[in-house]
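# Structural description and commentary
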Amino acid sequence: MNDFLSYYRQKEKETETEKVSDTQCPYCSVQCTMQLVEQRIVGRENYKVISKDNPTSEGRLCIKGLHAHQHALHKERIHYPLLKKNGMFERISWKEALAYIKDKFTDIQQNTGSDGIGVYGGGSLTNESAYLLGKFARVALKTKYIDYNGRFCMSAAASAANEAFGMDRGFTNKLSEIPFARCIILAGTNIAECQPTLMPYFTKAKENGSFIIAIDPRETATTEIADLHLKIKPGTDAALVNGFLKVIINEGLADESFINEKTNGFQELKEHIDTICLEDISTITGIPVESIRSAAVNYAANSTGMIFTARGVEQQTDGYMAVRNFLNLILVTGKIGKIGCGYGAITGQGNGQGGREHGQKADQLPGYRHLENDVHRHYISKVWGIEETDLPRKGVSAYEMMEKIDSGEIQGLFVMGSNPVVSNPNANFVEQSLKKLSCLVVVDLFISETAKLADLILPSASYLENEGTMTNLEGRVTLRRATRKCPGEAKKDWKIICELATVLGKSRFFPYVSPEDIFNELREASRGGVADYYGITYDRLKNERVYWPCPELDHPGESRLFTKTFTHPDGKGRLVSVQNNFPKERPDEEFPLYLTTGRVISHYLTGVQTRNSPALKSRNVESFIEIHPTTAQKYKIENQVLVKITSKRGQITVRSKYTDKIREDTVFVPFHWGDDQNVNQITHEALDPTCKMPGFKVCAVKVSPVTDLSLN
Ligand code: SF4
């Protein structure tokens, strides 16, 4: 035996090879950097991940980053184009796949006009792919229908920041300023599970004496660090902030010189706040008056302060106005444009920031230009070399595209890096709509729930194989290198788009031979826009991460925004009065509980990647419902049993998980699973009227134990 072991160890030394490559995590918006170490030992491959220092996560990695390579190296990745024939997917060549799309899309557009095809992108695509997808829709397909899953992520915060400040960048400061904030409000954000490597910034702030206020219906690993946790009734954030404003204005804590010099709209806001009664706010929100007062005074009276919002506030049918009210709070107290003062919308997706800047969104052109602005249309038409009259007008939001599909207005759909069957609200309707399409093409790594419905699946590159730039939640642009070749015949997103444009006869508009070529065009297209990337080059990014706006090659990039003025033409921030809105659907006799949804630490978005990572999957193999024991007993639900959750739109079955960390009137279900565990089968389809964000975070449900094996 000893002989065998020593022989083996000797052999191990002889045959060991090691390749170390720099990469960065594909999941959340922190974009932690790391090294992938690939070892070959006695014919066996071994992989490990080493974190790498960077100015964002300071060398930290969370459990998702540590195991991100597992999905990229998974043997069930799609390696070849797959065409559905008689209900089964069969391998075909790329030539056949591209010809198929050309024939189908051409047929559809001959019958319906250009807008008969829709394009649906994703917030994890690189800046280059996101830019190119927008150009592909408008130049190659000439359709107005393009939107992306970032609609469900950032649209409320982005619209609110654009209106209040004139510019939307995820965080107005750099992360390293967080420890200088004397008071921090964390509203509807569970950073500890969603962006874990950011938590040390907040614990450091706490060590420095910062007073931390968390607003969340649940106790989470994030609320644990709070000095004051406001366990709010779901969907009442806007009203709570009205309460804060009442206290601040009444008690003389507003920053009058900042208001006078740097804002518009205060008088109207004050008149509205005068009508607010704190006792009413307490009743609406479920938060005692004294706690509302304590939070307001702590934020306003401290010399510095920051507010962070995330999907808990934003994924509401009043998400836009709720965020506007948090921005009112910032402007009324003058806590912006200075060290330790600012606003952060904690972006969820890996390129949630860059993905929304360069033209995937229904109403936007690159650099945050607008499709309905004639000057902007003219500029981009020139960059793209097309007639302005050929540039389509704005389309509709992601969920509204599903409605257009249902009505037959859109008959072909090209989906890249997204899983709309799981990520859209009212998922049963979405699935039925997608089944009506004449042609559904899905570009993905795996056969996702949406890809299963496709006529054609195209295999794409993972983060290890796809070079390109990404923009993190601070607006800092980074260059991610490719470290491996694509498996099988999988292709990079940008190559797929270019080849498709070529078969559609539009190759002259897509002449790129590298992602750097695309980025250089993006720089021109964004030049002079709000999100100006002109001064950022691949050469610069080899050595640094650069903040936008960066208008010139020698510009350092702006790490802190609004130090002197806001981006509106008059340089002022805009205040607005916000009503105490209520969620579109509230509990009643038949559906007596609030349902709210969210994430768990081991999974990402609809789980297509993390459910294909064995280490992550094993941590949460199935979905669950968090329910307060008192509520569970009322409905005769034991711990760890299957539970039916029913809303007006459908029913799912998941396992119960008792916790006294949630309100008794609220249950929580994560959204990372598909099929029978897809919580979006029961969420409400109502959209925010301004930003078209669905109200994922609140709907009314009933719960009951599963009492028979059929689960019906
Ligand atoms: Fe970093 Fe986010 Fe990846 Fe975790 S998921 S390693 S926090 S980028």
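Residues numbered from 1 in each chain as written. Predicted model: local features only at pLDDT ≥ 70, side-chain atom pairs only at ≥ 80, totals over all residues. Heavy atoms only, no water.

Moving on, we get to the overall build of the protein chain. A count of helical and extended segments in the protein chain gives 24 helices and 28 strands. A globule of 712 residues ought to have a C-alpha radius of gyration of about 27 Å, and the protein chain, at 25 Å, matches this closely. In terms of overall dimensions, the protein chain has a C-alpha envelope of 70 × 65 × 60 Å along the principal axes. Counting all 712 residues of the protein chain, 63% fall into the buried class. Of the contacts made within the protein chain by residues no fewer than 6 positions apart, 74% connect residues no fewer than 24 positions apart. Surface summary for the protein chain: the accessible area is close to 25600 Å², and the carbon and sulfur share equals 47%. (Helix = DSSP H or I, 4+ residues; strand = E, 2+ residues; numbered from the N terminus. Rg over C-alpha atoms; globule rule 2.2 N^0.38 Å. Buried < 20%, exposed > 50% of the residue type's maximum accessible area, 1.4 Å probe, protein only. Contact = heavy atoms within 4.5 Å. Areas by Shrake-Rupley, 256 points an atom, 1.4 Å probe, with all protein chains shown as cover.)

Let us look at the packing of helix α5 (residues 127–140) against helix α20 (residues 493–503). Packing of α5 against α20 leaves a shortest axis separation of 9 Å and a crossing angle of 15°. What the angle tells us is that α5 and α20 run roughly parallel. Between α5 and α20 lies a crossing whose hand is left-handed. On α20, the residues that touch S129, L132, L133, F136 and A140 of α5 are D493, W494, I497, C498, L500 and A501. A breakdown of the residues in the contact of α5 with α20 according to their chemical character gives nine nonpolar, one polar and one charged. (Axes fitted to C-alpha atoms, helices over the stretch in contact; angles between N-to-C directions. Parallel < 35°, antiparallel > 145°, perpendicular 65-115°, else oblique. Left-handed = near helix turned anticlockwise from the far one by under 90°. Nonpolar A, V, L, I, M, F, W, Y, C, P; charged D, E, K, R; others polar.)

Among the structural elements, N173 can be located in the loop between α6 (155–165) and β8 (183–187). Looking at N173, the relative accessible area reads 0%, which means it is buried. There is a polar contact of 2.5 Å between the side chain of N173 and the side chain of T172. Looking at N173, its side chain comes within polar contact range of the main-chain oxygen of C341, at 3.0 Å. The contact partners of N173, leaving out residues within four places of it in the chain, are M306, K338, G340, C341, G342, Y343, E474, S559 and R560. (Polar contact = N/O pair within 3.5 Å; in protein donor to acceptor, adjacent residues only side chain to side chain.)

Taken as a whole and assessed by the stated rule, the structure comprises 36 salt bridges. For R560, the salt bridge goes to E177, with nearest N and O atoms at 2.8 Å. With a gap of 383 residues between them, R560 in the loop between β21 (546–547) and β22 (573–574) and E177 in the loop between α6 and β8 connect regions that are remote in the sequence. The exposure class assigned to E177 is buried, which follows from its relative accessible area of 3%. Linked by salt bridges that have partners in common, K19, E38 and R484 make up one network. (Salt bridge = Lys/Arg side-chain N within 4 Å of Asp/Glu carboxyl O.)

Checked against the element boundaries, T112 lands in helix α4 (residues 94–112). Separated by 297 residues in the primary sequence, T112 and E409 have C-alpha atoms spaced 7.6 Å apart.

For the rest of this paragraph, the subject is the sheet that holds strand β3 (residues 44–51). Here three strands make up an open sheet; going across it, the order is β1-β2-β3 and the pairing antiparallel. Strands with a single pairing partner mark the edges of an open sheet, and in this sheet they are β1 (17–24) and β3. Each adjacent strand pair in this sheet contributes to an overall mean axis angle of 20°, direction not counted. For strand β2 (residues 33–41) and β3, the ladder comprises eight bridges, and the chain directions are antiparallel. Bridging from a neighbouring strand, L36 pairs with V49 of β3. (Pairing = 2+ DSSP bridges.)

Nonpolar side chains in soluble globular proteins tend to be buried together. Grouped together as the largest cluster of nonpolar side chains are 123 residues, with contacts concentrated most on F414 and F510. Ignoring sequence-local partners within four residues, the contact set of F414 consists of F105, G118, V119, Y120, L133, F136, V441, V443, L458 and L500. Of all hydrophobic cores here, the second largest spans 39 residues; its members include C25, V30, I63 and I346. (Core = buried A, V, L, I, M, F, W, Y, C linked by side-chain atoms within 4.5 Å.)

The seven strands lie next to each other as β5-β4-β18-β17-β16-β6-β7, forming an open sheet whose pairing is mixed. Looking along the sheet, the strands with just one partner apiece sit at the ends: β5 (88–91) and β7 (146–148). Taken over all neighbouring pairs, the strand axes of this sheet differ in orientation by 20° on average, direction set aside. Pairing between strand β6 (residues 117–121) and strand β16 (residues 412–416): four bridges, direction parallel. Residue pairing in the sheet places V119 in a bridge with F414 of β16. Sitting on the sheet, α5 touches β6, β7 and β16, and the angle it makes with β7 is about 155°.

Let us look at the packing of aromatic side chains. This structure, assessed with the given rule, holds 17 aromatic pairs. Ring centres of Y368 and W548 lie 5.9 Å apart, and the angle between their planes is 75°; this geometry places the pair in the edge-to-face category. Of the two residues, Y368 sits in the loop between β14 (364–365) and β15 (369–370) while W548 sits in the loop between β21 and β22, which places them 180 residues apart along the sequence. A residue is classified by how much of its surface remains accessible, and Y368, at 5% relative accessible area, is buried. The class for W548 is buried, based on a relative accessible area of 0%. (Phe/Tyr/Trp six-rings, centres within 6.5 Å; stacked < 30°, edge-to-face > 60°.)

The next thing to look at is helix α9 (residues 237–250). An α-helix turns once per 3.6 residues; consequently, residues spaced three or four apart project the same way. Between its terminal C-alpha atoms α9 stretches 20 Å, which fits the 20 Å expected from 14 residues at 1.5 Å a residue. In terms of residue burial, α9 counts as a mostly covered element, since 13 of its 14 residues are buried. Positive phi shows up at G252, right after α9, with a value of about 70°. (Expected span 1.5 Å × (residues − 1).)

For the rest of this paragraph, the subject is the pairing of strand β12 (residues 305–309). Burial runs high along β12: five of the five residues are buried. Side chains G305, I307 and T309 project from β12 onto one buried face, and the interleaved M306 and F308 project onto a second face that is buried too. Where β8 and β12 come together, five bridges link them in parallel fashion. Looking across to β12, one finds that I185 is bridged to I307. In this structure, β12 lies alongside strand β13 (residues 342–345), joined through four bridges in parallel fashion. The residue of β13 that forms the bridge with F308 is G344.

So, about the environment of N325. Checked against the element boundaries, N325 lands in helix α15 (residues 319–333). For N325, a relative accessible area of 0% corresponds to the buried category. Sequence separation between N325 and S418 is 93 residues; the distance between their C-alpha atoms is 31 Å.

Such coordinate-based values are descriptive only and should not be taken to indicate function.
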